[in-house]
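Structural features, examined
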Amino acid sequence: MLLHGPSPMQVAIDSAWEFQGLTFPNPAVGCSVVDQYGKIVAVGVHEKAGEPHAEVNALQMAYSELTGDSAILLLSDSAAIHDYLRLNHKNIFVDCTLYVTLEPCAHHGKTPSCALLIKELGIKKVVVGHRDPNAEAAGGIKLLEESECSVEMDVECFKRAEDLLRPFTRWQHKPYVTFKWAQRLDGTIDGGTISSHLSRINVHAMLRLRVLKSLLYTKKTPAYLWSPCNLSSDRVAL
Ligand SMILES: [Zn+2]
């Protein structure tokens, strides 16, 4: 492993946070692919439910980096990427290690099983940040261990992987409340936008994807409960 910079698991966690909330009802997940010299070859994240999982996005990018074959980057369908990797990998991933923030899924849901793909690519080591609390998708660790793949739990990053997973574990049972506070140092909230451009992009993306079911909006006026469908952009521009 390289001695400098954040660990591959930390990089995967940080990358996944950029899509926190946008993957609803799936968890935010990140994955780093590391070569035999300890270099991070690729990082992938799960961006949206129904789209490729973090492992698939990371392996797609790593394949292109390691082979120079960029044709795979034209694929966006998860099953198509799985098939391309299965047919063309030529054992290039054998000495790679995968760092995944969440146990690779074992089941075939909207997309094929990541654990099965990892097994078929002959990857010998996977480091996992947190076990999958969803019984339907869990079982990837068992599947990998049965296929001579060494699976290691990242004890050092467990707490951070758990924090990343917290919204998902929460909305499995109860509504998940997102709280955004925007205020200047002098206490004012009027006279234009306050929070960062990135923050506003994130809130609007959550509205667009219907992740936010309702919004409590306060600005000068008393608190109102708005339906996100009827919200104009200026009302969430804090
Ligand atoms: Zn998966």
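Anything mentioned here points back to the structure above.
Below you will find a few notes about this structure.

Cut-off values and rules
Residues numbered from 1 in each chain as written. Predicted model: local features only at pLDDT ≥ 70, side-chain atom pairs only at ≥ 80, totals over all residues. Helix = DSSP H or I, 4+ residues; strand = E, 2+ residues; numbered from the N terminus. Expected span 1.5 Å × (residues − 1). Buried ≥ 20, exposed ≤ 12 C-beta atoms within 10 Å, placed from the backbone. Contact = placed C-beta atoms within 7 Å. Axes fitted to C-alpha atoms, helices over the stretch in contact; angles between N-to-C directions. Parallel < 35°, antiparallel > 145°, perpendicular 65-115°, else oblique. Left-handed = near helix turned anticlockwise from the far one by under 90°. Nonpolar A, V, L, I, M, F, W, Y, C, P; charged D, E, K, R; others polar. Pairing = 2+ DSSP bridges.

**Focus: helix 2 (residues 54-67)**
- When the terminal C-alpha atoms of helix 2 are compared, their 20 Å separation across 14 residues agrees well with the 20 Å that a helix rising 1.5 Å per residue should span.
- Looking at helix 2, one finds that the buried residues are A54, E55, V56, N57, A58, L59, Q60, A62 and Y63.
- The secondary structure elements touched by the buried residues of helix 2 are helix 1 (8-17), strand 1 (30-34), strand 2 (40-45), helix 3 (78-88), strand 3 (97-100) and helix 4 (114-120).
- Of the residues trailing helix 2, G68 is marked for its positive phi of about 80 degrees.

**Observations regarding the packing of helix 2 against helix 3**
- Put simply, helix 2 and helix 3 touch, their axes get as near as 10 Å, and they point 45 degrees apart. Here helix 2 lies oblique to helix 3, going by the angle between them. Here helix 2 runs over helix 3; the crossing is left-handed. Counted together, V56, L59, Q60 and Y63 of helix 2 and S78, I81, H82 and L85 of helix 3 form the full contact between these two elements.
- Grouping the amino acids of the contact of helix 2 with helix 3 by side-chain chemistry returns five nonpolar, three polar and no charged.

**Points about the sheet that holds strand 3**
- Across the sheet, which stays open at both edges, the five strands sit in the order 2-1-3-4-5 with mixed pairing between neighbours. Only two strands of the sheet have a single partner each, and these edge strands are strand 2 and strand 5 (150-153). In this sheet, adjacent strand axes meet at a mean angle of 15 degrees when their direction is disregarded.
- Here five bridges tie strand 1 to strand 2, and the two strands are oriented antiparallel to one another. Counterpart to V33 in the pairing with strand 2 is A42.
- Docked against the sheet, helix 1 engages strand 1, strand 2, strand 3 and strand 4 (125-128), running at close to 145 degrees with respect to strand 1.

Such coordinate-based values are descriptive only and should not be taken to indicate function.
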